[in-house]
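So the chains spell out like this:
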Amino acid sequence: MEFLKFDRNRTISFIITFVIFLIITALYTQTTLFDIVERGAIDFRFFLRDPSEKSVKLDDGVRMGRINPRARKDIIILGIDEATIRDFSDRQVQWPFPWDVHALFTDFISSGNPSAIFFDITFLDHKEGEKELAKSIKKAGNVFLDYPFETEEIDVQYNDQKERINILNRMRFPVDPADVSPQLVEEMVPPTPDLLRASRGVGFANVFPDPIDQINRQMPMVIKFNGWYYPNVDLILAMNYYGIGKDDVEIKMGQYLKLKNIPLNKMAKPNKNGEIIIPIDELGFMDINFIGGSGSFQHYPYFLFAREGTMEGNTSLTDKIVLIAAYASTGIATDQHKSPYGTTFGIEHHANALNTILNQDFLYKMSTTQNLIIMLVIAILLGFFLPRLSIIMSTIFVFLISIIYLVASYVIFDSSSIINAMLTPIIQTGLSFTLIITYRVLTEQQEKKYIRQTFSKFVSKSVVDELLKSPDKLKLGGEKKILTVMFSDIRGFTSISEKLTPEKLVEHLNHYLQAMTDMVFKYDGTLDKYVGDEIMAFWGAPIEMDNHALMACKCALEQMEVLHKMNENWRNEGKPELNIGIGINTGDMVVGNMGSSSRMDYTLMGDNVNLGARLEGTNKVYGTYIIISEFTYEHVKDNVVVRELDLIKVKGKELPVKIYELLDVRE
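Think of each chain on its own: its residues are numbered from 1, step by step along the sequence as written. Local features in this predicted model are restricted to residues whose pLDDT is 70 or higher, and side-chain atom pairs enter the listing and the counts only when it is 80 or higher, whereas totals over whole chains, interfaces and linings include all residues. Values shown for side chains rest on all heavy atoms present in the structure; no hydrogens or waters enter the calculation.

Okay, the overall build of the protein chain next. A run of H or I in DSSP becomes a helix once it reaches four residues, and a run of E becomes a strand once it reaches two; helices and strands are each numbered from the N terminus. When helices and strands are counted, the protein chain shows 18 helices and 30 strands. Only protein chains enter the calculation, and the probe is 1.4 Å; a residue is then buried if its accessible area is under 20% of its type maximum, exposed if over 50%, and partly exposed in between. Of all 667 residues assigned to the protein chain, the portion counted as buried reaches 52%. Contacts were defined at the residue level, with two residues in contact if any of their heavy atoms lie within 4.5 Å. For the protein chain, restricting intrachain contacts to residue pairs at least 6 apart in sequence, the fraction spanning at least 24 positions comes to 74%. The protein chains shown are the only cover counted for residues, whose accessible areas, like all others here, come from Shrake-Rupley with a 1.4 Å probe. A total of about 32,000 Å² of accessible surface is found on the protein chain, and carbon and sulfur atoms cover 54% of it.

For the rest of this paragraph, the subject is the nonpolar core. Here the nonpolar core consists of buried residues drawn from Ala, Val, Leu, Ile, Met, Phe, Trp, Tyr and Cys, with membership extended through side-chain atoms lying within 4.5 Å. Counting residues in hydrophobic clusters, the biggest one holds 55 residues, and the most contacted among them are M221, Y242, L257, L259, I278 and L323. The leading source of residues in this core is helix α8 (residues 233–242), at eight residues. With residues near it in sequence (within four places) discarded, L323 still touches I75, I76, I77, L78, F118, L237, I347 and A351.

A word on the pattern of salt bridges. We define a salt bridge as a contact between a side-chain nitrogen of Lys or Arg and a carboxyl oxygen of Asp or Glu at a distance within 4 Å. As enumerated under the stated definition, the model contains 25 salt bridges in all. Between D74 and R72 there is a salt bridge whose closest N-O contact spans 3.0 Å. A single burial state applies to D74 and to R72, both of which are buried. A single network of salt bridges, built from pairs that share partners, joins D35, R39, D43, D210, D213 and R217.

On to the pairing of strand β24 (residues 526–531). Between any two strands, pairing holds if DSSP finds at least two bridges. As judged from the five bridges shared by β24 and strand β25 (residues 534–539), these two strands associate in the antiparallel manner. Residue L527 lies in a different strand from β25, and its bridge partner there is A537. Taken together, β24 and the strand that follows it, β25, pair antiparallel across an intervening segment of two residues, in which G532 is found at a positive phi of about 65°.

Looking now at the sheet that holds strand β18 (residues 321–326). If you trace the six strands from one edge of the open sheet to the other, you get β9-β5-β4-β18-β3-β17, paired in parallel fashion. The open sheet has two free edges, formed respectively by β9 (201–204) and β17 (298–301), since each of these has just one partner strand. The sheet shows a mean angle of 25° between the axes of neighbouring strands, direction not considered. Strand direction decides the pairing type here: strand β4 (residues 116–119) and β18, joined by four bridges, are parallel. Within β18, the position partnered with I117 by the bridge is V322. Taken strand by strand, helix α4 (residues 99–110) contacts β3 (75–80), β4, β5 (143–147) and β18, and its axis lies near 160° from that of β4. All axes are obtained by fitting lines to C-alpha atoms, using only the stretch in contact for helices, and the reported angles, taken between N-to-C directions, cover 0 to 180 degrees.

Further remarks concern unusual backbone geometry. For the bond running from W95 to P96, omega is 0°, close enough to zero to count as cis. Residue position: P96 is located in the loop between α3 (82–90) and α4. Phi is positive for Q214, close to 65°, though the residue is something other than glycine. Summarising the element assignment, Q214 is placed in the loop between β9 and β10 (218–220). The partly exposed category is assigned to Q214, whose relative accessible area is 43%.

The three strands lie next to each other as β7-β12-β11, forming an open sheet whose pairing is antiparallel. Looking at strand neighbours, the two that pair on one side only are β7 (173–174) and β11 (222–225), the edges of this open sheet.

Another point: the confidence of the model for the protein chain. Values of pLDDT, ranging from 0 to 100, describe the predictor's confidence in every residue of the model. Mean pLDDT over the protein chain stands at 88; residues scoring 70 or higher make up 88%. Throughout residues 309–313 the model reports pLDDT below 50, and contacts reaching past four residues in sequence, or to other chains, amount to six contacts.

Now for the packing of aromatic side chains. Each Phe, Tyr or Trp ring, with Trp reduced to its six-membered ring, pairs with another whose centre is within 6.5 Å; inter-plane angles below 30 degrees give stacked pairs, above 60 give edge-to-face pairs, and intermediate values give tilted ones. Tallying each qualifying case throughout the model produces 22 aromatic pairs. For the pair F225 and Y230, a centre-to-centre distance of 6.0 Å together with 65° between the ring planes defines the contact as edge-to-face. Taking the relative accessible area as the measure of exposure, F225 reaches 5% and is therefore buried. Measuring from ring centre to ring centre gives 5.2 Å for Y241 and Y242, while their planes differ by 80°; the resulting arrangement is edge-to-face. Across this residue pair, the class does not change: Y241 and Y242 are buried.

To continue, consider the environment of F123. Relative to the assigned elements, F123 resides in the loop between β4 and α5 (130–140). Between the C-alpha atom of F123 and that of D146, which follows or precedes it by 23 residues, the distance is 8.6 Å. In contact with F123, not counting residues within four places along its chain, are W99, H102, L133, L145, P191, T192 and L195.

Here, patches come from residues exposed beyond 30% relative accessible area and free of salt bridges, joined within 9 Å for like charges and within 5 Å for nonpolar side chains (Val, Leu, Ile, Met, Phe, Trp, Tyr). Together, I392, M393, I396, F399, L400, I403, I404, V407 and V411 give the surface a local cluster of nonpolar side chains, amounting to about 860 Å² of exposed area. Within the fold, V407 resides in helix α11 (residues 391–416). Classification of V407 by relative accessible area gives partly exposed; the value is 47%.

Right, let's talk about the packing of α4 against α5 for a bit. At a minimum axis separation of 8 Å, α4 and α5 run at an interaxial angle of 15°. Relative to α5, the element α4 lies roughly parallel. In this structure, α4 meets α5 at a crossing whose hand is left-handed. Here W99, H102, A103, T106, D107 and S110 of α4 come into contact with α5, specifically with E130, E132, L133, S136, I137, K139 and A140. Just so you know the grouping, Ala, Val, Leu, Ile, Met, Phe, Trp, Tyr, Cys and Pro go in nonpolar, Asp, Glu, Lys and Arg go in charged, and all remaining residues, Gly too, go in polar. Class assignment for the residues of the contact of α4 with α5 results in five nonpolar, four polar and four charged. Roughly parallel here means an angle under 35 degrees, roughly antiparallel means over 145, roughly perpendicular means 65 to 115, and every remaining angle is called oblique. Crossings are assigned a handedness: left-handed for a near helix turned anticlockwise from the far helix by less than a right angle, right-handed for a clockwise turn.

As defined by bridge partners, strand β19 (residues 336–339) adjoins strand β20 (residues 342–345) across four bridges and the pair is classed as antiparallel. Looking at β20, one finds that K338 is bridged to T343. Following β19, the chain reverses through two residues before pairing antiparallel with β20.

Between the first and last C-alpha of helix α15 (residues 502–522) there are 30 Å, a value that for 21 residues agrees with the 30 Å anticipated at 1.5 Å per step. Within α15, burial applies to L505, H508, L509, Y512, L513, A515, M516, T517, M519, V520 and F521. Trailing α15 by a residue or two, D524 shows a phi angle of about 55°, which is positive. Helix span, as expected, comes to 1.5 Å for every residue beyond the first.

By the secondary structure assignment, R491 is in the loop between β23 (479–490) and α14 (493–499). Among buried charged residues, R491 stands out as having no salt bridge; its nearest opposite-charge side chain is E616, 5.9 Å away. The residues contacting R491, other than those within four sequence positions of it, are I496, N579, I580, G581, N619, K620, T624 and Y625. Counting rule applied: Lys, Arg positive; Asp, Glu negative; His and chain ends not counted.

What follows covers the packing of helix α1 (residues 8–30) against helix α10 (residues 368–385). Helix-helix packing is described using two parameters, namely the angle between the two axes and the distance between the axes. Here α1 crosses α10 at 160°, and the two axes come no closer than 8 Å. Looking at the two axes, α1 sits roughly antiparallel to α10. Of the two elements, α1 crosses α10, and the hand of that crossing is right-handed. Judged by residue contacts, R10, S13, F14, T17, F18, F21, I24, T25, Y28 and T29 of α1 engage T368, N371, L372, M375, L376, A379, I380, L382, G383 and F384 from α10. Here the contact of α1 with α10 is composed, by residue class, of 12 nonpolar, seven polar and one charged.

Written out as structure tokens, the structure reads:
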């Protein structure tokens, strides 16, 4: 129950964690301060998960990639790489290649019956070989092209721009009337009309890197332009794979893009509705579930397929989605973008996006509300446990909870593709821990200073050390508990004082008080006060002890032994001897800081305190030195030797109290 109790320090610590939570919440929701660290945390999770291997070099110098286990085997990249550039250069063919080369490639590659051939090459200007290429594309019947959107208006447009747009408009979707998102682009530049008519489908291929760190993590599935949604080429390829048309697509910006009426045998994760729901943001962007760095997808050099008969029996491309694009870092103008795995080719961004859709392996980001709930739970845990644990245990607790949270964040990402705020809660945890520990150190130093100043004069050094180690053992407020109190007083002190000068009297008294106080400290008692020549001490507070009554009895007996030796010395020195009486009582008493705002003492109150004082004076009546009450006797009867004295009526007690003379301790 003590662990659950609230005190001032625990309350303030809880307030600290809640204030930190509110500050982090405001910064997380109203600013972009944490955006960079959370983006970095997403990239880190991708990096940990990447199982890809680098490509290997074959005997003929061609580099062939090893397929990443997460990559679909039906997505193949035919890259215009350095080997291709060198091969064509040897044949006096320079980049950009004539269009009849691509026509030859299309004829040959289509004979392998791939499900789709996608040229990530912009065929915008009318060039030699255009008719041949259009003819080859038409004959293949499964070629897809792309085009760029421009973010600024084009000064000089193609003469047949309207014709191009009219052909392109065969594949577009009406805008949701509830969509109030901004239009990101100003102009489109489609391929030539002949190629548009010949192709199976066309989609834009723009990549929009993150404006904060220029890393691309998303792919726009649709872009709003002139009151319509235009599809990304990856969406077009997916629709072709599933065999669906534009009537089978439902778009809700900020929620989802739904593909309907899909054959179950085509779905990676079949469901009874035959639907795939692609999560998109308010601009139509899908988070790409990247599978690895450059080379993660199976890829071959373009030139191996660009000459008929170079590769005999190209049946290995049957039912494959073939992606053709620049795939070289030197020699040509390469389309490259930063990804969570570093710089990769643009076609690899499209391959990853297509892989995400076809595998139905979509990333799901926790909502702001869900992340805030997580941070609130962390704040509550920190506020509850940190003030209740030692600083070392608090450090271990924060370290463990941080490690557990980081591991859990990665596990749900790796197993379920769920992205939560990863580093923001860790930052929150670190700030809360730092402030709480700083507060605790400052307050504990003040508390220790107070303990030293308050108790070093009243208790032994060992008791002070124990209080410093565990300040929680100290209850500074008024508290009722069973304690043992002891009063001792010098008999005939007035007559003694008349025989000595004031200086000698004070010296004599101080010598006596010091010796008696040493005995109190020796038996871990608390010195309450001196009242003239009277000493008041008690046991059982501020540190609890089970044998407080016995410790008080032992102290009293040794005080008498010490006083006997002191009297022998004083007798030899011609100084007056001292005779004392001691009264001891055990019972319920109120202990704590008492007094005014300007002067407070740690002391006792209660009838049982008064009884102890009266027992001290009763020694004069019975000619004894130490009297204990029946209440004390009940606590020590198995350990002491006593003589029963009497039943006495004491003020404040309805029934007579039995008293005993304490003679010795059995041991």
